[in-house]
Amino acid sequence: MSTKTKATHLYSSRIDLPETTRSKVAELLNETLAACLDLWTQTKQAHWNVKGKDFYQLHLLFDDVAAAVYEPIDMIAERATALGSIAHGTARNAAEHSFIKEYPDVSKMSEEDHLNALAERLAAFGKHLREGIKKCDEWEDQDTNDLYVEISREVDKKLWFIESHIQRKQ
Ligand SMILES: [Fe+2]
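Keep in mind it's a predicted model, so treat the numbers as computed, not measured. (Residues numbered from 1 in each chain as written. Predicted model: local features only at pLDDT ≥ 70, side-chain atom pairs only at ≥ 80, totals over all residues. Heavy atoms only, no water.)

Asks: Whenever I open this one, a negative patch on the surface confuses me. Can you help?
Replies: The grouping of Glu71, Asp146, Glu150 and Glu154 at the surface amounts to a negative patch. By the secondary structure assignment, Asp146 is in helix 6 (residues 142–163). Residue Asp146 is classed as partly exposed on the basis of its relative accessible area, which comes to 48%. (Patch = residues over 30% accessible without salt bridge, like charges linked within 9 Å, V, L, I, M, F, W, Y side chains within 5 Å. Areas by Shrake-Rupley, 256 points an atom, 1.4 Å probe, with all protein chains shown as cover. Salt bridge = Lys/Arg side-chain N within 4 Å of Asp/Glu carboxyl O. Lys, Arg positive; Asp, Glu negative; His and termini not counted. Charge placed at Lys NZ, Arg CZ, Asp CG, Glu CD. Helix = DSSP H or I, 4+ residues; strand = E, 2+ residues; numbered from the N terminus. Buried < 20%, exposed > 50% of the residue type's maximum accessible area, 1.4 Å probe, protein only.)

Structure follows, in structure tokens:
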């Protein structure tokens, strides 16, 4: 878990989860929020800048993936606030705290380079989400666990959409 996130401020709340749980989960949620915002902008970057003979198909596909990545941002942020913590959702915060590596220079990228770059990033995000499922289960916060299950299933699906363009038969 990133040591840089500052999500641990807690308001008092009547919610029946221990403060230690609320604090740990909120820190994890803020790590996810930063990565999700970052991944969304990177997917848009691919949507805008892809070039090649399949431009239009990939332009639409990347927008579909971007919409799927954007969808859970509000739920992630509001789970942190529902737990009595703070959502750190600015672009600067996302840039500072995201574990997703920066998107490459699009002026040098082929269609396949974009597909590989997005597959790599979606897979990294999916891995983080599955770790989140396990952590929330251990911390006995099944509501956040359920949120991570929902998001990871959709991320896996979009990874399939992307990888289907570049997978080869063994
Ligand atoms: Fe667009």
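Asks: I tried to follow the pattern of salt bridges on my own but got confused; where do I start?
Replies: Considering all chains together, one arrives at 11 salt bridges under this definition. Two residues, Lys44 and Asp63, come together in a salt bridge whose shortest N-O distance is 2.6 Å. One end of the pair, Lys44, is in helix 1 (residues 19–49); the other, Asp63, is in helix 2 (residues 55–70), with 19 residues separating them in the sequence. Each of Arg79, Asp141 and Asp143 takes part in a single network of salt bridges with overlapping partners.

Asks: Any chance you could explain a nonpolar patch on the surface here in plain terms?
Replies: Together, Phe55, Tyr56 and Leu60 give the surface a local cluster of nonpolar side chains, amounting to about 300 Å² of exposed area. In this fold, Leu60 is placed in helix 2. For Leu60, a relative accessible area of 43% puts it in the partly exposed group.

Worth remembering: the numbers are spatial, not functional.
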